[in-house]
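Residue-level listing of the chains:
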Amino acid sequence: MFINGRHLKNIWWHLPSSHGQRPCAFREMNLMNTAFTLGRALDPGYGTNRAVIAAMGVSGAAAVASAGAGTPSASLAYEALAGALAPFIPWALMRELDPDAEYAALAALPLGAFVFFFLGTPSLMAGMSVLMLTRVSNRSTGRYLHWPDACASAALVCGYAAVSGPVAAMPALLAASFGAAPGKRRMRAGMALAAVAAAAGSAAVHGLPPVAMPGLSVTAAMLAITTVVILHAARLGQVRSRDDRGGAYDAGGVRVGVSVALVAAWGMTLAGTGGPAAGGSLWAALATLGLSSAARSLRRRTYSVSESGLERTSSDSS
């Protein structure tokens, strides 16, 4: 059997670019691309990605150093992994929630590290699961969800439910409602059923967790972040960036991704089984999104005021 150029093209892994263009010099053959659509690789050919890789290395090394002498090797390995993923997950999630904010997303790196080193270890399983669910929603890889992706997503949701409790069902249901290819109702129903089953199994093992409100200052910060993020999603128009295959983003899918992250963050904070710090990665990403959106709104307002002032000056002089 001969393999022509078209077949080869279908199995090349085109690494994602934050600029919306696929690099041609950095490619690798990856059979994962033929079955799964949720993976996105870090191309070190771009400066922003090199900054992320460096931050992951520094944070992982700092986590190992802070563990102290005499720590078992298995614990050191977990600390290194947790330390490396602590800045990565908020950054990657921010890139899914606001594809146009390439440089603003870098602010999530120190926020994620701060959460890890000073507030407590966030849930890695929950963070990675929500990251994958946002990719299901906004289709940043440029492809609809297929059966292998649905099975992988269901497995992630089951792991998410095991560490986070029944709150894992709602963000998974939101993602399933938008991410499947048109007409594939069975896939949507399968993901929804998996989410409900995972939540029910978690409730059977852990019981229904009580709703625990955080302190007044934390609640106020959460409400402020949520308000700004909702306003950002409501104002979201056309997304300028391109997905990994060069196509246009669907703004509705990006809004669903924002909803997935918000619902997951609130659920993990109020009724999760991992403690208040478990959703720290999600809140770090949402805080970055809120700050970026507020800064852009202020910049547009300032520009609009200055433009109107120039128009009045020009009218007076004439």
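Up top you'll find the structure we're talking about.
Definitions and limits used
- Residues numbered from 1 in each chain as written.
- Predicted model: local features only at pLDDT ≥ 70, side-chain atom pairs only at ≥ 80, totals over all residues.
- Heavy atoms only, no water.
- Helix = DSSP H or I, 4+ residues; strand = E, 2+ residues; numbered from the N terminus.
- Buried < 20%, exposed > 50% of the residue type's maximum accessible area, 1.4 Å probe, protein only.
- Contact = heavy atoms within 4.5 Å.
- Areas by Shrake-Rupley, 256 points an atom, 1.4 Å probe, with all protein chains shown as cover.
- 1 Å grid on protein atoms, 1.4 Å probe; cavity = no way out; pocket = protein on both sides within 12 Å on 5 of 7 lines; lining within 4 Å.
- Points joined across faces, edges and corners; volume = space filled by probe spheres on them.
- Nonpolar A, V, L, I, M, F, W, Y, C, P; charged D, E, K, R; others polar.
- Core = buried A, V, L, I, M, F, W, Y, C linked by side-chain atoms within 4.5 Å.
- Expected span 1.5 Å × (residues − 1).
- Polar contact = N/O pair within 3.5 Å; in protein donor to acceptor, adjacent residues only side chain to side chain.
- Phe/Tyr/Trp six-rings, centres within 6.5 Å; stacked < 30°, edge-to-face > 60°.
- Axes fitted to C-alpha atoms, helices over the stretch in contact; angles between N-to-C directions.
- Parallel < 35°, antiparallel > 145°, perpendicular 65-115°, else oblique.
- Left-handed = near helix turned anticlockwise from the far one by under 90°.

Here we look at the overall build of the chain
- The helix and strand inventory of the chain stands at 12 helices and 2 strands.
- Order of helices (α) and strands (β) in the chain, N terminus to C terminus: α-β-β-α-α-α-α-α-α-α-α-α-α-α.
- The buried share of the chain, reckoned over its 318 residues, is 46%.
- Contacts spanning at least 24 positions in sequence make up 77% of the contacts within the chain whose residues lie at least 6 apart.
- Element-wise, carbon and sulfur atoms account for 66% of the exposed surface of the chain, whose accessible area totals about 15700 Å².

Quick look at the layout of surface pockets
- Put simply, the largest pocket is a space of about 510 Å³.
- At the level of secondary structure, the elements contributing two or more residues to the lining of the largest pocket comprise α5 (108-119), α10 (216-235), α11 (251-271) and α12 (280-317).
- For the lining of the largest pocket, the per-class residue count stands at 20 nonpolar, 5 polar and no charged.

Focus: the nonpolar core
- By size, the foremost hydrophobic cluster in this structure holds 63 residues, and its most contacted members are Phe88, Trp91, Val130 and Leu286.
- Counting 5 residues, the second largest nonpolar core, distinct from the first, contains Leu236, Tyr249, Ala251 and Val254.

Brief notes about helix α6 (residues 124-138)
- Along its 15 residues, α6 runs 21 Å from first to last C-alpha, staying within 8% of the 21 Å computed at 1.5 Å per residue.
- Where burial is concerned, most of α6 is hidden: 13 out of the 15 residues are buried.
- The distance from a side-chain oxygen at the start of α6 to the backbone nitrogen of Ala126 is 3.1 Å, and the residue carrying that oxygen is Ser123.
- Just past α6, the residue Arg139 takes up positive phi, approximately 50°.

Considerations on the packing of aromatic side chains
- What the rule picks out here adds up to 4 aromatic pairs.
- Centre to centre, the rings of Trp266 and Trp283 are 5.8 Å apart; their planes meet at 75°, and the pair counts as edge-to-face. Of the two residues, Trp266 sits in helix α11 while Trp283 sits in helix α12, which places them 17 residues apart along the sequence. Trp283 carries the same exposure label as Trp266, and that label is buried.

Side note on unusual backbone geometry
- The backbone of Arg139 sits at a positive phi, close to 50°, despite the residue not being glycine.
- Structurally, Arg139 can be placed in the loop between α6 and α7 (147-164).
- Given the relative accessible area of 13%, Arg139 is considered buried.

Comments concerning the side chain of Ser123
- Examined against the element boundaries, Ser123 turns out to sit in the loop between α5 and α6.
- Within the structure, the side chain of Ser123 is placed 3.1 Å from the backbone nitrogen of Ala126, a separation counted as a polar contact.
- Apart from residues lying up to four places away in sequence, Ser123 is in contact with Val163, Ser164, Met268 and Ala278.

Remarks on the packing of helix α3 (residues 47-67) against α5
- Interaxial distance between α3 and α5 falls to 11 Å at its minimum, and their mutual angle equals 15°. Judged by the angle between their axes, α3 and α5 are roughly parallel. In the packing of α3 onto α5, the handedness of the crossing is right-handed. Within the contact between the two elements, α3 uses Ala51, Val52, Ala55, Ser59, Ala62, Ala63 and Ser66 and α5 uses Leu109, Phe116 and Phe117.
- Tallied by class, residues from the contact of α3 with α5 come to 8 nonpolar, 2 polar and no charged.

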